[in-house]
2 protein chains.
Amino acid sequence: MNKRFVIIGGDAAGMSAASKARRENPNLKITVLEKGAWVSYAACGLPYYIKGKVKKLKDLIAFSPETFRKERNIDLRLHHEVIKILHEDKNLVVHSRDGDYKLGYDKLLISTGAIALKPNIVGINSTGVFTLRDMDSGKNIKEYLQKNLPESVLIVGGGYIGMEMAEAFHSQGITVHIVELLPHVLNSFGSEIAKVVEDHIQKYTTLHMGKSVQSIRSIEEGKLSVQVTDKQSENNIVTDMILVAAGIVPEVSLAKEAGIELGQTGAIATNQYGQTNIPDIYAAGDCAEATNVVTGKPNYIPLALAANRNGRAIGSTIAGKATRLVPVAGTAVVKVFQLEVATSGIVDIKIARDNGFNPIKITIDSHSRAGYCPEAKTIKISLVADRESKRLLGASMVGEEGVSKRIDIIATALNGKFTVEQLENLDLAYAPPFSPVWDPVLTAARVLNGKLNGLK
Amino acid sequence: MNKRFVIIGGDAAGMSAASKARRENPNLKITVLEKGAWVSYAACGLPYYIKGKVKKLKDLIAFSPETFRKERNIDLRLHHEVIKILHEDKNLVVHSRDGDYKLGYDKLLISTGAIALKPNIVGINSTGVFTLRDMDSGKNIKEYLQKNLPESVLIVGGGYIGMEMAEAFHSQGITVHIVELLPHVLNSFGSEIAKVVEDHIQKYTTLHMGKSVQSIRSIEEGKLSVQVTDKQSENNIVTDMILVAAGIVPEVSLAKEAGIELGQTGAIATNQYGQTNIPDIYAAGDCAEATNVVTGKPNYIPLALAANRNGRAIGSTIAGKATRLVPVAGTAVVKVFQLEVATSGIVDIKIARDNGFNPIKITIDSHSRAGYCPEAKTIKISLVADRESKRLLGASMVGEEGVSKRIDIIATALNGKFTVEQLENLDLAYAPPFSPVWDPVLTAARVLNGKLNGLK
């Protein structure tokens, strides 16, 4: 009998695994169980769908269910929800519209993704309160905008989604309030970079920093009253709509119930091949941990590329070609109105210390083009290194142009475990419309290297 | 007596050396002998000055002579030309407006740069024929444009300068012809990338590929007749102006005459500290060789960053802190009308073979943004690796956006001597407005890695 490879969850990690396994092994019996209606979609594109840049929801679908079924011979079952993993006899209990059934597996991949965090706030389930995570939630927001024509929105959380959605709402002429409990929006990028972002978004939105939402109350048709507080003060904001963008948590309920080990991060722990503690069960994507390239330790960095890549690696392994998962640097970029904001590696001093480093951080201003080009924009870069090893640990940057791919210099250097001196010595591209002779990254590295050597 | 550090040539390498030496050692007696009127200028900005983007020639000057003299205590002598190096008694013969004189040195840096190549063509010195290399030549072109209002220009050479100047002239409403002897413009970028550039510039200019200029003849006031030929054909183009952009050659006449060793490239050979074969004489910038980071061998890659950086390293060494020169990857980017075109490392199969590699090259098309973003542009990437070691050797790329800094991923990977697999495994930045989930570089690496493994 052909080996049965069953996958729970049909997004990035799951469908990548299924497709790769099929390419490498035509004899596998591959089944994907997806509890919802969508597979293989670009959730990261949802803010641009809501903004109207992407016209149709289906434009975000990379491959249709039919493609997987017909062209890749994958038994893709939509609206089939796994409700139990019986690993001792290698069976799943699946709930479908036609009733529940058992399905056996030889190899199992858990790629159940993550769910939007819903803080424990009174009234969080009121009409007009949304989260954005999957296609249905994106569709809900779009429909609400079209039907209810809200004039104001309050966004709870100043992370990636909060920032992208602030722009999406603002572009529809909607007044935007952002409430963030942490000292800064994009807090993990470091205060120097975050401050530039805050100054920028204050032109378009009202920021409520260091504050939290205590309660939400429907006060009349389509109106919500939000109680926003910090230690000193309390105020009520009346809004037409609320988006809770307070982060995500790995969807591990099935795994946990089955006795699959979670890591300290709360996501599923795996070895370097994506295997969990239970034989023949793998995990990848936003429900699983990944190895941090800087620390070598498990990390929870739920980003699209790693989900795709690790799903693919596991598909390959299950097809018969053992393939290691790849460490992540946590490289991320986000467009915030006119700004590009990016980060890679570890820029938080406390996190660096917690991982045994003796960190030093510098921040510099440079330009996106030769200084004499009238279009040159300021780029601000924070660079963090370890004092002992002089290794680069991470960077964040912000600017109106030239940031989104410049961060990849850092991602590449982190992969190579470069010292700051090595970073300083890179032969980076220069032409007046694209960079100063000394690229901002080189200037930052030079300043940091000077400090590293001065301090010794 | 304080040590005398004398520098011949006051552009990137020379002034970087002078400034760095001063910062590290306040006691050095530093003298810079510059035969022209300009120091510390951004020659790379000249096309943008001629285009009118940069308003004044002096905007291209990084630091004024007064800054060097007063703030950095550097004895900067303009219009002082060294006509002989007497290394046996460590003296220079200097020609100035006030007569010739001798100047002794303890340490000498030759940073005489390069000169524009003037092919041996009948009539090459006619009025209306220009080269672009230094500030005076840029000024000459600008003045000629303003006074003579030429309606047409013929550019000899389709390299960086030819491409940038084609755009500069076209932006002034001037009809542009380009004559290139090699099979392609930007020939060293590889034919796949070059073809995209050629298709693009044909919208704005007339290309004469694989042809050479045989003669130039003044036919009437302000008109030149240019005989352009290949093996099969010959035609005459009448033009108002000619720009010879046929490359540059290192300015080594002084060095050669003094018995300083040149490398196989014809540029001055140095060791890893920039020292020539003659004691206490150093060389850096466009007159000297540099070490290629891919091959580890001497190379002639005259680019601005290396000139600045190596000048700085030599300044540091002479100030008392031995500092190695840094290998170059030959990373370059050029804006050609709406295109960004970039390269790093070795992409030429023949050059790779000549350096002992067994090269393989792939070319792919991808996108600058997520495929569903309406603004996404095509990016074409050629990637070259060595079949035996599976090491990355180089890349070229072209596209309307997202190329200029994406090439730096390659530059960084080359510095780290990455295999193609390592490149494929990078955690690069992704957000829909800036990249597909799989960055074009990752897609290219995946395709090449597949071939590398399939071929074994």
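Asker: For this particular structure, what's the right way to read the packing of aromatic side chains?
Answerer: When we look at a pair of aromatic rings, we describe it by the centre distance and by the angle of the planes. Residue and element names in this part refer to chain B. Counted by the stated rule, this structure contains eight aromatic pairs over all chains. Where Y160 meets F189, the ring centres are 6.0 Å apart and the plane angle is 85°; that geometry is what we call edge-to-face. Of this pair, Y160 sits in helix α5 (residues 160-171) while F189 sits in the loop between β11 (175-180) and α6 (191-201); the two residues are 29 residues apart in sequence, bridging distant segments of the chain. A relative accessible area of 31% means that Y160 is categorised as partly exposed. Positioned above the aromatic ring of F63, the side-chain terminus of R72 is 4.4 Å from the ring centre.

Asker: Any chance you could explain the relation of the copies chain A and chain B here in plain terms?
Answerer: Relating one copy of the chain to the other requires a rotation about an axis plus a shift along that axis. Superposing chain A onto chain B takes a rotation of 180° combined with a translation of 0.0 Å along the rotation axis, leaving an RMSD of 0.0 Å. Read as a symmetry element, the transformation amounts to a two-fold axis. A high fraction, 100%, of the interface residues of chain A reappear at the interface in chain B, so the copies pair face to face through one surface.

Asker: Explain the domain arrangement of chain A to me, please; I cannot follow it from the model alone.
Answerer: In many analyses, interface size is given as the accessible surface area lost on bringing the parts together. Residue and element names in this part refer to chain A. Entries for chain A in the domain assignment read domain 1 (4-35 + 54-114 + 248-318), domain 2 (118-244) and domain 3 (338-451). Linking domain 1 with domain 2 are one salt bridge. A per-class count over the side of domain 1 that touches domain 2 returns six nonpolar, no polar and one charged.

Asker: It is not clear to me how the interface of chain A and chain B should be interpreted in this structure. Could you clarify?
Answerer: Residue-level contacts link 55 residues of chain A with 55 residues of chain B. Taking both sides of the interface into account, the surface hidden between chain A and chain B amounts to around 5000 Å²; carbon and sulfur atoms contribute 64%. Looking only at chain A, the three residues that lose the most surface to chain B are A:K405, A:D427 and A:F434, adding up to 16% of its buried area. Scanning the region where chain A abuts chain B turns up six salt bridges. Measuring nitrogen to oxygen at the nearest pair gives 2.0 Å for the salt bridge that ties A:E375 to B:K53. Counting every contact that joins chain A to chain B gives 24 residue pairs in polar contact (both at pLDDT 80 or more). For the side of chain A that touches chain B, the secondary structure elements donating two or more residues are α8 (304-318), β21 (332-336), α10 (407-415), α11 (420-424) and α12 (440-455) of chain A. Tallying contributions element by element places α10(A) first for the side of chain A that touches chain B, with seven residues. Tallied by class, residues from the side of chain A that touches chain B come to 30 nonpolar, 11 polar and 14 charged.

Asker: Sorry if this is basic, but what is going on with the sheet that holds strand β4 (residues 81-86) of chain B here?
Answerer: Note on sheets: strands pair through backbone hydrogen bonds, and any given pair is parallel or antiparallel. Residues and elements named next belong to chain B. Here we have three strands laid out as an open sheet, ordered β4-β5-β6, and antiparallel in their pairing. In the strand order of this sheet, the two ends are held by β4 and β6 (99-104), each with one partner. Put simply, the sheet's adjacent strands are angled 25° from each other on average, direction ignored. Direction of pairing for strand β5 (residues 91-96) relative to β6: antiparallel, over a ladder of six bridges. Within β6, the position partnered with L92 by the bridge is L103.

Asker: Sorry if this is basic, but what is going on with the packing of α10(A) against helix α10 (residues 407-415) of chain B here?
Answerer: Relative orientation and spacing of two packed helices are given, respectively, by the angle between their axes and the distance between those axes. Look at α10(A) against α10(B): their axes get within 8 Å of each other, and the N-to-C directions meet at 25°. The angle between the axes of α10(A) and α10(B) places the two elements in the roughly parallel class. The handedness of the crossing between α10(A) and α10(B) comes out as right-handed. Within the contact between the two elements, α10(A) uses A:D408, A:I409, A:T412 and A:A413 and α10(B) uses B:D408, B:I409, B:T412 and B:A413.

Asker: Help me understand the side chain of B:H208 in this model?
Answerer: Checked against the element boundaries, B:H208 lands in strand β12 (residues 206-209). Filtering out sequence-adjacent residues up to four positions away, B:H208 remains in contact with B:H177, B:I178, B:V179, B:E180, B:V228 and B:I237.

Asker: Sorry if this is basic, but what is going on with the environment of A:A21 here?
Answerer: All names here are of chain A. One can find A21 in helix α1 (residues 12-24). In sequence terms A21 and G285 are 264 residues apart; their C-alpha atoms lie 16 Å from each other. For A21, the contacting residues outside a window of four places in its chain are F5, L28, I30, G315 and A319.

Asker: Please explain the pattern of salt bridges as it appears in this structure.
Answerer: It is possible for side chains bearing opposite charge to pair when their charged atoms get close. Residue and element names in this part refer to chain A. Under the counting rule described, the total for this entry stands at 46 salt bridges over all chains. When the shortest N-O distance is used, the salt bridge between K107 and D280 registers 2.6 Å. Linking K107 in strand β7 (residues 107-110) with D280 in the loop between α7 (253-257) and β18 (281-283), this pair joins segments that are 173 residues apart in sequence. On the basis of relative accessible area, D280 is assigned to the partly exposed category, the value being 21%. Between E401 and R369 there is a salt bridge; the shortest N-O distance is 2.7 Å.

Asker: I tried to follow helix α4 (residues 135-148) of chain A on my own but got confused; where do I start?
Answerer: Helical periodicity: at 3.6 residues per turn, an α-helix aligns residues three or four positions apart in one direction. Residue and element names in this part refer to chain A. Spanning 14 residues, α4 covers 20 Å between terminal C-alpha atoms, matching the ideal 20 Å at 1.5 Å per step. Every buried residue belonging to α4 is among M135, S137, G138, I141, K142, Y144 and L145, and all of these are buried. Next to the buried residues of α4 lie α2 (46-51), β9 (129-131), α5 (160-171) and β16 (242-244).

Asker: What is the right way to look at the sheet that holds strand β11 (residues 175-180) of chain A in this model?
Answerer: Residues and elements named next belong to chain A. Strand order in this open sheet of five strands is β9-β16-β10-β11-β12, and the pairing throughout is parallel. Each of the sheet's edge strands pairs with one partner strand only, and the pair in question is β9 and β12 (206-209). Adjacent strand axes in the sheet meet at a mean angle of 20°, parallel and antiparallel pairs treated alike. Where strand β10 (residues 152-156) and β11 come together, five bridges link them in parallel fashion.

Parameters and conventions
- Residues numbered from 1 in each chain as written.
- Chains lettered and ligands numbered in written order.
- Predicted model: local features only at pLDDT ≥ 70, side-chain atom pairs only at ≥ 80, totals over all residues.
- Heavy atoms only, no water.
- Phe/Tyr/Trp six-rings, centres within 6.5 Å; stacked < 30°, edge-to-face > 60°.
- Helix = DSSP H or I, 4+ residues; strand = E, 2+ residues; numbered from the N terminus.
- Buried < 20%, exposed > 50% of the residue type's maximum accessible area, 1.4 Å probe, protein only.
- Lys NZ or Arg CZ within 6 Å of the ring centre and 35° of its normal.
- Least-squares fit on C-alpha atoms with pLDDT ≥ 70 in both.
- Contact = heavy atoms within 4.5 Å.
- Domains from an automatic or database assignment.
- Salt bridge = Lys/Arg side-chain N within 4 Å of Asp/Glu carboxyl O.
- Nonpolar A, V, L, I, M, F, W, Y, C, P; charged D, E, K, R; others polar.
- Buried area = accessible area lost by both parts, 1.4 Å probe.
- Polar contact = N/O pair within 3.5 Å; in protein donor to acceptor, adjacent residues only side chain to side chain.
- Pairing = 2+ DSSP bridges.
- Axes fitted to C-alpha atoms, helices over the stretch in contact; angles between N-to-C directions.
- Parallel < 35°, antiparallel > 145°, perpendicular 65-115°, else oblique.
- Left-handed = near helix turned anticlockwise from the far one by under 90°.
- Expected span 1.5 Å × (residues − 1).

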